[in-house]
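The lines below spell out each chain.
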Amino acid sequence: MGSVVSLVRTRVSEEKIKNSIAEALDLINFRPTNPVSCVSIKVNLCYYWNAATGQTTDPRIVAGIVDNLRERYGRDIDIRVVEADASAMRTRHAFLMLGYEKLAKEKNVELFNLSKDDVDEKRVHVNGREIVFKIPRSLLKSDLFINVPKLKIWRPTKITCALKNIFGCIASSRKIAYHQFLDEAIVGINKILHPNLTIVDGLVALGRFPVQLGLIMASTDPFSIDWVASQIMGYNPSKIRFLRIAMKEKLGNPRGITTCGENPSMFKEDFPKANLSSSKMLMDIQIRLLRLYATLTRDVIPPWLEET
Amino acid sequence: MTNVGMIGLGKMGRFHMMNCLQIDDIDVVAAADPSEKALIKGKSAGVNDLYVDYHDLLNHSSKIDAVIISLPNFLHFESIQLALEAGLNVFVEKPMANTVEECREIVKLVEKSGRKLMVGHCMRFIDAIEKMKTMKDKGHIGDLEVVTLEMLLNGPFGLGFVPTPVPEWWFDPKKSGGGVLIDMGYHLIDLFRFFIGGDCKIEFCCLDHKFYLPMEDGAIVILRSCDSSAKGIINTGWFQKSVFPGFNFRAILHGNAGYLSSEDLVPRNVYVHAIKEGTKNLLRKAIGKKIRTLSYSYYYTQYYKELQHFFDCVKHDSNLSVSATDGLKTIELIEEAYKTDSRREQ
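This one's a predicted model, so the numbers in the text were calculated from it and none came from an experiment.

Draft legend 1. Region of the structure containing the overall build of chain B. Each helix and strand counted, chain B has 11 helices and 12 strands in total. Taking 2.2 N^0.38 as the reference for a compact globule, 346 residues should give roughly 20 Å; the C-alpha atoms of chain B span a radius of gyration of 20 Å, in line with that estimate. Dimensions along the principal axes, computed over C-alpha positions, put chain B at roughly 55 × 50 × 40 Å. Partitioning the intrachain contacts of chain B with sequence separation of at least 6 by distance along the chain shows that 69% fall at a separation of at least 24.

Next comes the structure, spelled out in C-alpha cells:
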C-alpha cells in the first residue's frame, strides 16, 4: 500500500491553524503506536528572514502543532523545537529574531540548538559516494520526531521541502561543505534520520515571490510529501535529482501515493512558478562575465561578489 | 606617493584596500587584521607589512601617511585616537564613534593634531545624490521644503553569495552603538544635513523591534532644519529581505518650484548599465586610458570616490567635504532620536 498525503486549506488565525493541523492528521489517520513523552519538532529557520517571506517556518504553525500534541498526549509531554546552525545562520539568534523565544514562553516548550548537542558520526553510501554526517544524539532518542518544512523553491535543488529540511539537522554549521554533492547528501541524511511525521507549512509558500497559499500538508512519508509538493510548485518530480536518487536508494516510491483532503491542483494554480534553470544560468553567466571583465581591465570586484 | 595602512581587512577593509590600489600615487604598505585568512588576502594584493594587531602597525608607522580604519564600531574611538597620536591622517568607516562624548573627544584630537580625519559618509558620493545637490543649490526646485529618504535592506543581516555568519558584535548594542538607526539611518540623517547644508534637529522618532533584538530594526524619523522650513522624513529598516543587486533606496527633494527624485537619475536597468560602462572601460583599457573604477556597478563607485576625495585633500592639504564635525553632528542627532523615541514610549 502507498503513502497518504493530506492537504488542508487554512486561514491565518491561531485557532483555524490548530484545527487545520488536527484535520490534516486525522485525514492520514495519524496514530503513533509508541507512548509519547518526548517530542522534537524540526523547523526550517534557514536565515533571519521572517515567516512572511516564505523562507522560514511560521511559529503559528508550530504553536498549532504544540496545542494538538498536548491535546492528544497530555499537557506534561516534553516538546522541543529544534534547529541547527547553518553556514550563515546562528540558531540562537534565529530563535529570537523569528519569534520562537516568544512562542517558547507562551507554549512552554524548549528551544534546542542541535549544533550544541552531543553527536554520533555516521557514514552512509549514496549513489556510490560515502558521506559522513555528525548526527545530534538527542534526535535519535525522541519518541516522536516531527519535521515541519516550508514549501519553497531553491535554486540548487529546484524545490526544498521535507527531505531537504532533514539536511538541516546536521550538527555542523558549515553545511556548505556538502553543497558539491547536495542531492546525495540530502538522501544520505534521510537514510539515517526518519521523522515519524511531516507537517508542511505552506501558509506562505515561496515561488518567484512569496504567496499566501494557506496550505498545510501532512504525511508520515517525507518522500511522498516532496513528490506532491514538487507538483504543486510546478515541477515534474521525476526530474528532481534528489528524488530520483531517493527512489534508487529505496527511500520512497511514487507508486501508490494518494492525496486526500483538498486537490493539489487548487494550490498549483496559485503557486508562482519560477524558471530556476534560466535564472541559475543567467547568474553563472553574470559572474563569469564579471570575472573576465575584472581580469581584462583590473577593475575592482566588491568582496561580497568576488568570493563566489 | 601617499603610503597607506589598512586597519581591519574584513569585507569593507578589503574593498577599501582594492579601491586604494586603483588611485594614482597611493601605495598600501601595511595592513592589520587578527584573521590569518584576511592577511593572506592582503599579501596577495601586494601588501608587505602585515600585522595581527593594529597597535603593532601604528608602532611601525614611520613610513605611513594615512590609515583606513574598517573595524567594528566599538573599536573606532580607540583606533582613531591612537592613529592621530601617531601623527597619521585617518579615514574611518561610519560611525566615527558610538557616543557623542567619544565623537567630541575625536573632534578635539583632530584639531590638536592638525591631521585630517574623514568619516565614510559615502552616500554623498553617489552620482545621483551629487546631481540632486547641485540642482537644488542652483535653485531648480525653488526653496527646499521636504526631503524624503528611504533605505530598507537587511543591513548587516544581508546574505552574500557565499553565506557567512553575521559578526557577533552586531547583536550587542553596546558594541554596535545601536541598530538600524546607527547603521543605515546614519547615512540618511547625514544626507538630510547634506541637502539642507546646515544644522537640524529631531522632531519625531519611532523605533521598531520586529526581530525582538535589543536594538531597533526599523525607524521613522522626522527632522527639521534649524535655518529654514525644510523637513526630512526618514524611513529605514533592516526587516526587508534584500537580494543583490536590488537596492531599496530613494531620495526625493520637494521644493516649492518642483521636485527631484533619485529614481529618475539612477540607471533604470542595472544590467544594461553594467554592460554599457563595462564596455567603455574595456575600450579605455584598449587605448591605454585609465578606467573608471567600479563605474559598472553604479552604487559601489561611491566607495572609490570618497577615498579619492580623502587622498586628494591629504595630498593638497585642502578641506575635506566630510569632517569629524559631520561625524559628531550625525551621532548627536542619532542620540537625540533615541531619546525622543524613549520619551514618546513613556
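Now that the structure has been shown, the text picks up again.
Draft legend 2. Region of the structure containing the domain arrangement of chain A. Entries for chain A in the domain assignment read domain 1 (4–272) and domain 2 (275–308). Each of domain 1 of chain A and domain 2 of chain A has a C-alpha centre, and these two points are 33 Å apart.

Draft legend 3. Inspection of the packing of helix 8 (residues 180–196) of chain B against helix 11 (residues 324–345) of chain B at higher detail. Residue and element names in this part refer to chain B. The N-to-C vectors of helix 8 and helix 11 enclose an angle of 115°; their axes lie 10 Å apart at closest approach. For helix 8 against helix 11, the interelement crossing comes out right-handed. Of the residues in helix 11, those touching helix 8 at Leu181, Ile182, Gly185, Tyr186, Ile189, Asp190 and Arg193 are Asp326, Lys329, Thr330, Leu333, Ile334 and Ala337.

Draft legend 4. Structural view of the nonpolar core. Membership of the largest hydrophobic core comes to 193 residues, with the highest contact counts inside it found for Ile41, Ile65, Ile199, Met217 and Ala229 of chain A together with Val90 and Phe192 of chain B. When sequence neighbours within four positions are dropped, the list of residues in contact with Met217 of chain A reads Val5, Ser6, Leu7, Ala24, Val200, Gly202, Ile225, Val228 and Ala229 of chain A.

Draft legend 5. Spatial organisation of the interface of chain A and chain B. Contacts between the two partners involve 25 residues from chain A and, on the opposite side, 27 residues from chain B. Breaking the side of chain A that touches chain B down by element, the ones donating at least two residues are helix 3 (91–97), helix 4 (100–107), helix 11 (276–297) and helix 12 (303–306) of chain A. Considering only residue class, the side of chain A that touches chain B consists of 14 nonpolar, 6 polar and 5 charged.

Parameters at a glance
- Residues numbered from 1 in each chain as written.
- Chains lettered and ligands numbered in written order.
- Predicted model: local features only at pLDDT ≥ 70, side-chain atom pairs only at ≥ 80, totals over all residues.
- Helix = DSSP H or I, 4+ residues; strand = E, 2+ residues; numbered from the N terminus.
- Rg over C-alpha atoms; globule rule 2.2 N^0.38 Å.
- Contact = placed C-beta atoms within 7 Å.
- Domains from an automatic or database assignment.
- Axes fitted to C-alpha atoms, helices over the stretch in contact; angles between N-to-C directions.
- Left-handed = near helix turned anticlockwise from the far one by under 90°.
- Core = buried A, V, L, I, M, F, W, Y, C linked by C-beta atoms within 7 Å.
- Buried ≥ 20, exposed ≤ 12 C-beta atoms within 10 Å, placed from the backbone.
- Nonpolar A, V, L, I, M, F, W, Y, C, P; charged D, E, K, R; others polar.

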